[in-house]
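Understanding the architecture of this molecule
Here's the letter readout for the chains.
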Amino acid sequence: MSLLELKDISKIYGNLHALDHVNLTVDQGEWIAIMGPSGSGKSTMMNIISCMDKPTTGQVIFDGRDITKDSRRKLTEFHRDKIGLVFQQFHLINYLNAVENVMVAQYYHSMPDEKEALEALERVGLKDRAKHLPSQLSGGEQQRVCIARALINSPSLILADEPTGNLDEANENIVLDLFRQLHKEGTSLIVVTHDPEVGEVAQRIVRLEHGKIASDKKNEQFAE
Amino acid sequence: MFFRMITGAFRRQWKKMLMIAMTVALGASIATAMLNVMLSVGDKINEELKAYGSNITVVPRSEAVISHLYDVDETEEQAEYLPEETLGEFLTIFWANNIVDFTPLLDTPATVNGQEVPVVGAWFDHHLAFVKKGTTYERNTGIINLRSWWDITDGTWLDEAKLKGDRYAMVGQKLAATLSLKAGDTFTVATDHGTETLTVTGIFESGDDEEGMLFTTLSTAQRLTGAEGQYKKAEVSAITSPDDELAVKAAKNPDLLTGDEYDLWYCTAYVSSICFQIQEAIPQASASAVRQIADSEGKILEKTELLMALITLMSLIGATLGISNLVTSGVMERSAELALMKAVGAKNGQITRLILTEIILTALVGAAVGYFMGYAFAQIIGQRVFSSSIEMSGMVAFLVTILVIAVTLVGSLPAVRMILRLRPSEVLHGGH
């Protein structure tokens, strides 16, 4: 069953076609890597999937519902309920500790619950670092807090933008292991990356070039 | 969570918050000082101007009509008097507490050593006790305060309470020189009604025609004019509100006022309403404003208040611009944090509420500090300009709080606009 469908999506900035008639279907529980060089349209696609931007033309169908024409307010509510975001720069609030950073996502979703937030941190192996400020955490730990924050509201889709871009190899492996675990648990994942090592662990690899899908194939080496 | 975020923001941005609080404190202090001075400046200026004499004169009604119709001074045959007991009525009117001083005057031509001398009877520092409907009204009043600019060049003021009897006089400097009088001398003054031997208590310099006159007690003047228990005119010094359109309309004819206008006019200390009330209390008298003084009061007050209001406005505009810069730069610095909040589902209203709560709490702390600074400024202004303290009004504290919140909200508008326009897709991921 498809979770997300992009139908003939284009995004045009002046004369620039950041996305050019793109069609993409993401199934429930699927792990997709979106790859491509800089300027290929990866971030634009991610912004459209995460409801933070609207396409110039085309349709976005999420969970069977066309959200293309939704108001900005409705889109905010929709993405808050359905999508968990992981960023390359982590974007943790630096005056809140780890558990509070996770609770921020709860606060703007429904009700903050410290116990649940601690469980999310436990899931990423950071329960003992819950009271630490971002400045007291390593890059890998900050990214895991970011993943815990993305998971806290049980989203249908985790959308990660260059999640290992700022990490060393050891921390990259920890984050990828976490993604494997989430995939096993049935979480749908879209990881935008230009790092082949990160892309090759995904179930399916979509390559973008000049705003178009250059290739879309199953990863034969994908290991469950 | 909301308060954790607020306290966290305070901890992280305490320097910026301190700057905002200081900006507000400066604006609030000037506003507090100016508003407090503005509220009490009317009384202060009135008090200052009271030093320059009376602002209301009371004469017998018939004399006022004749003077008005024929523009002539009365002759002795025309002279009308008012009973001395009517003076107590000044203490009974609605605005009695605004009447600072008053004195009856009774003038008569007389001769001293064969030379014609204008003699004026008055109260100097007279203790008046007046009983009406079982209530006793008391006041010390007289020309000692109404002629505060007199410079006593020899001797002392005529102190009615300390001196025995009433046969004393104060002599203007020019007249004293002509008559070769000095303090302690006695001389005889004669009129058609008799003679009195008076002792000079003091010689005064006034800088006006009164330097050629002789002032004595009212009772002595009454004997010299044969008008026992009477006076010809009263000078009243009252604290008044500056005239406005209503006062001008009422001064023409109070009967033209509507019911509400009449009530407002009657219950405001306009010089015309005080005159009206004096006439109500003493029906045979006509009270009128000494326009020069009343107009000066109104104009000075109006200009001073305008100046204070402008300074307050400028300080608030300055504070608004300062807050605007600080809050906007704060939001710019926090754009990633605010974009993240939007990305995890925060609505514009929630982020705006968070930022405004931080700013308003900071501004209120600044306002409290500014209020006390303003209190100090007001006292400095009061002491330097009016040589007295300025009363702090609770209304000003309330008004300053409202102004600070308004200034903060207006100053935060550009930042709020920025929050509304902030797009997480641009801030969090960068390009396309």
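Keep in mind it's a predicted model, so treat the numbers as computed, not measured.

Comments concerning the interface of chain A and chain B
Listed by partner, the interface residues are 27 residues for chain A and 22 residues for chain B. Mapped onto the side of chain A that touches chain B, the elements with two or more residues apiece are α1 (42-49), α2 (72-82) and α3 (98-109) of chain A. The element contributing the most residues to the side of chain A that touches chain B is α3(A), with 7 residues. Across the side of chain A that touches chain B, the residue classes break down as 15 nonpolar, 7 polar and 5 charged.

Observations concerning the sheet that holds strand β8 (residues 188-193) of chain A
All names here are of chain A. Pairing within the open sheet is mixed, and its 6 strands lie in the order β6-β7-β8-β3-β9-β10. With one partner strand each, in any of the chains shown, β6 (83-86) and β10 (212-218) form the two edges of the open sheet. For this sheet, the mean angle separating the axes of adjacent strands, direction not counted, is 15°. Relative to strand β7 (residues 157-161), β6 runs parallel, the two sharing 4 bridges. Note on β7: the bridge partner recorded for Val-86 is Ala-160. Along the sheet, helix α6 (residues 169-184) contacts β3 (31-35), β7 and β8; its crossing angle with β8, the most-contacted strand, is approximately 150°.

Observations regarding the confidence of the model for chain B
Confidence in the prediction of chain B, expressed as mean pLDDT, is 84, and 90% of residues score 70 or more. Mean pLDDT values over the elements of chain B span from 61, in helix α3 (residues 61-70) of chain B, up to 94, in strand β11 (residues 214-217) of chain B.

Some words on the sheet that holds strand β4 (residues 57-62) of chain A
Residues and elements named next belong to chain A. Read across the sheet, 4 strands follow the order β2-β1-β4-β5 without closing on themselves; strand pairing throughout is antiparallel. The open sheet has two free edges, formed respectively by β2 (16-27) and β5 (65-66), since each of these has just one partner strand. Judged from the 2 bridges that link them, β4 and β5 form a sheet pairing that is antiparallel. Its bridge partner lying in β5, Ile-61 is registered against Asp-66.

Examining unusual backbone geometry
Only a minority of non-glycine residues have a phi that is not negative, and only a minority of peptide bonds are not trans. Although it is not a glycine, His91(A) adopts a positive phi angle of roughly 50°. Note that His91(A) resides in the loop between β6 and α3. Residue classification places His91(A) among the buried residues on the basis of 24 C-beta atoms within 10 Å. Backbone geometry at Ser180(B) places phi at a positive 55°, although glycine is not the residue there. Positionally, Ser180(B) belongs in the loop between α5 (173-179) and β9 (186-191).

Some thoughts on α2(A)
Structural remark: α-helix, 3.6 residues per turn; residues separated by three or four positions point the same way. Among the residues of α2(A), Thr76(A), His79(A), Arg80(A) and Lys82(A) are the ones counted as buried. On its buried face, α2(A) is in contact with β4, β6, α3 and β7 of chain A.

Parameters and conventions
- Residues numbered from 1 in each chain as written.
- Chains lettered and ligands numbered in written order.
- Predicted model: local features only at pLDDT ≥ 70, side-chain atom pairs only at ≥ 80, totals over all residues.
- Contact = placed C-beta atoms within 7 Å.
- Helix = DSSP H or I, 4+ residues; strand = E, 2+ residues; numbered from the N terminus.
- Nonpolar A, V, L, I, M, F, W, Y, C, P; charged D, E, K, R; others polar.
- Pairing = 2+ DSSP bridges.
- Axes fitted to C-alpha atoms, helices over the stretch in contact; angles between N-to-C directions.
- pLDDT = per-residue confidence, 0-100.
- Buried ≥ 20, exposed ≤ 12 C-beta atoms within 10 Å, placed from the backbone.

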